[in-house]
Amino acid sequence: MSTSLLYHGFGIVGYQYVSQRFQEGQVTFRVRQPRERLRCPQCDCDDVWVRGHEERTFRMVPIGSKPTFLTLDVARVWCPVCDSVRQVKIGFADPKKRYTRSFERYALELSRHMTIKDVAEHLQVSWDTIKDIQAKNLQRRFGKPKQHKLKQIAIDEIAIGKGHHYVTVVLNLLSGAVVFVGDGKGVEALKPFWKRLRRARAKVQAVATDMSAAYIRAVRDNLPRAVHVFDHFHVIKLFNEKLSALRRQLYHQASSAEERALLKGTRWLLLKNPENLDEGRNELQRLEEALDLNKPLSIAYYLKEDLRQIWSQPNKRTARRVLRDWLARARASGIRILIQFAATLEKHQEGILNYYDYRISTGPLEGTNNKIQLMKRQAYGFRDRAFFKLKILGIHETKHALVG
Ligand SMILES: [Zn+2]
């Protein structure tokens, strides 16, 4: 080892090589900081007096598979300008850290391909050390998302695991970046977000959410000028739930065992899009038999198919006509579940048709949701909430292995 190898190979600048030691499979280099390099950490003046040392040891990038350390006596200096005694700054490591910046960069590079556990084992450091390095990097890059340029956003709550934990996630629909992660769901979860939006003076034009009353109130109160678009996937999902409820109801009312058997097998067929029905398994035929036999089910099924048409019209005017026609047919069915659903749809029709002003949805949050579900399998998910939220903020360009 030499001073210039320290410099060129390890990025250690301004320190002189003193000695090296090989012991118990570890490599340790001792370096010293030349007297003329000493500066006051506060005012940077070089007219300082040494008042003792403290030996400190740092992890460096390993040599081969050998853990490698850097040891030096860090000077404490008295500065006549500041009239105080302080430890000089370390040029190659962040304050209070026991590893060099090049070690951090190396750990982050490995994290792109390996789990935290794998990186920690490979570098022979603790799991928490690698987690801290990742957290610091995430905090620097994503900890304070820029809100002032937000134009179109989607908001949705995402369930974490089976413990009924939720996070509420806000997505910038134009960039695909997560810009806020709130604890829980509902009005409370979003409060800090509205506060930040106001402070950033953002001019949000359009928001996509589901039709829940909490979102309607929150958007009206906090973004009165934004166009509120009700997400069409949620509308269709809600109708599918009604359809399943109807099938269940008809099953219990069925008069014959044969009819019951027919209804029993149709649960998934009813929810499938017709183009996805499997010919080889006679799915279309089985579905048609059940529909022929049961008029209410058949009405509901064809209404389900037509519901999607609301979002595939050339413009808002024809979409409004399709929607009204749909409502009329649902009401004429005389089926209670469908009439109730029609009332919900009518009440929210402006927000549904707003899709024709801004063709947005919460669909892009599905991708975020999938990645969060991968992450949540890790034990740290809720043990370290702050880290988990940082990971979600960085999820759109995550370069860390999701598992680990
Ligand atoms: Zn000073």
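Details of the structure are given in the entry above.
Bear in mind the structure is a predicted one, so any value in this text is a computation, not a measurement.

Asker: Help me out: how do you make sense of the overall build of the chain in this one?
Answerer: Broken down by element type, the chain carries 17 helices and ten strands. Its C-alpha atoms give the chain principal-axis dimensions of about 95 × 50 × 35 Å. Within the span of the chain, comprising 404 residues, buried residues form 45% of the whole. In the chain, once contacts between residues fewer than 6 apart in sequence are set aside, the share between residues at least 24 apart is 58%. With the model as given, the accessible surface of the chain reaches about 21700 Å², and the carbon-plus-sulfur share is 49%. Here the chain carries 71 positive and 42 negative side-chain charges, and the mean point of each set is 5 Å from the other.

Asker: What am I meant to see in the nonpolar core here?
Answerer: In globular proteins that are soluble, nonpolar side chains generally tend to be buried together. Core analysis: the largest hydrophobic core is formed by 73 residues, its most contacted members being Trp326 and Leu345. In contact with Leu345, other than residues within four places in its own chain, are Val235, Leu307, Leu323, Trp326, Leu327 and Ile352. If you look at the next biggest cluster of nonpolar residues, it comprises 23 residues, including Val27, Cys40, Leu70 and Phe92.

Asker: Help me out: how do you make sense of the environment of Leu110 in this one?
Answerer: Residue position: Leu110 is located in helix 2 (residues 101-111). For the pair Leu110 and Ile90, spaced 20 residues apart in sequence, the C-alpha separation works out to 25 Å. Residue contacts for Leu110: discarding those within four places in its chain leaves Val119, His122 and Leu123.

Asker: I would appreciate a short explanation of the coordination of the zinc ion in the present structure.
Answerer: Perfect tetrahedral coordination of a metal by four donors corresponds to 109.5 degrees between them, and perfect octahedral coordination by six donors corresponds to 90 or 180 degrees. The protein atoms that coordinate the zinc ion are Cys40 (SG), Cys43 (SG), Cys79 (SG) and Cys82 (SG), at distances spanning 2.3 Å. One can describe the site at the zinc ion as tetrahedral: its four donor atoms subtend angles covering 107 to 112° at the metal. The sequence pattern describing where the donors of the zinc ion fall on their chain is C-x2-C-x35-C-x2-C. Relative accessible area serves as the criterion here: at 3%, Cys40 is assigned to the buried category.

Reading the values: rules and limits
All residue numbers refer to positions counted from 1 along the written sequence of the respective chain. Given that this is a predicted model, residues contribute local features only at a pLDDT of at least 70 and side-chain atom pairs are listed and counted only at 80 or more, while totals for whole chains, interfaces and linings are drawn from all residues. Side-chain measures were taken over the full set of non-hydrogen atoms in the model, leaving aside hydrogen atoms and water. Every helix listed is a DSSP run of H or I at least four residues long, and every strand listed is a run of E at least two residues long, numbered separately from the N terminus. Accessibility here uses a 1.4 Å probe with only protein chains present; expressed as a share of the type maximum, an area under 20% marks a residue as buried, one over 50% as exposed, and anything in between as partly exposed. By definition, residues are in contact when any of their heavy atoms lie within 4.5 Å. Residue exposure ignores everything except the shown protein chains as possible cover, and the areas themselves are Shrake-Rupley values with a 1.4 Å probe. The positive count covers Lys and Arg only, the negative count covers Asp and Glu only, and His and the chain ends enter neither. Lysine's charge is taken at NZ, arginine's at CZ, aspartate's at CG and glutamate's at CD. Throughout, nonpolar core names a set of buried Ala, Val, Leu, Ile, Met, Phe, Trp, Tyr and Cys residues whose side chains join them through atoms within 4.5 Å. Listed donor atoms are N, O and S within 2.8 Å of the metal (Na, K and Ca: 3.2 Å). As water is not included, a site may look incomplete. Under this scheme a four-donor centre is tetrahedral when all angles range from 85 to 135 degrees, a four-donor centre is square planar and a six-donor centre octahedral when opposite donors are above 155 degrees with the rest from 65 to 115, and any other centre is irregular.

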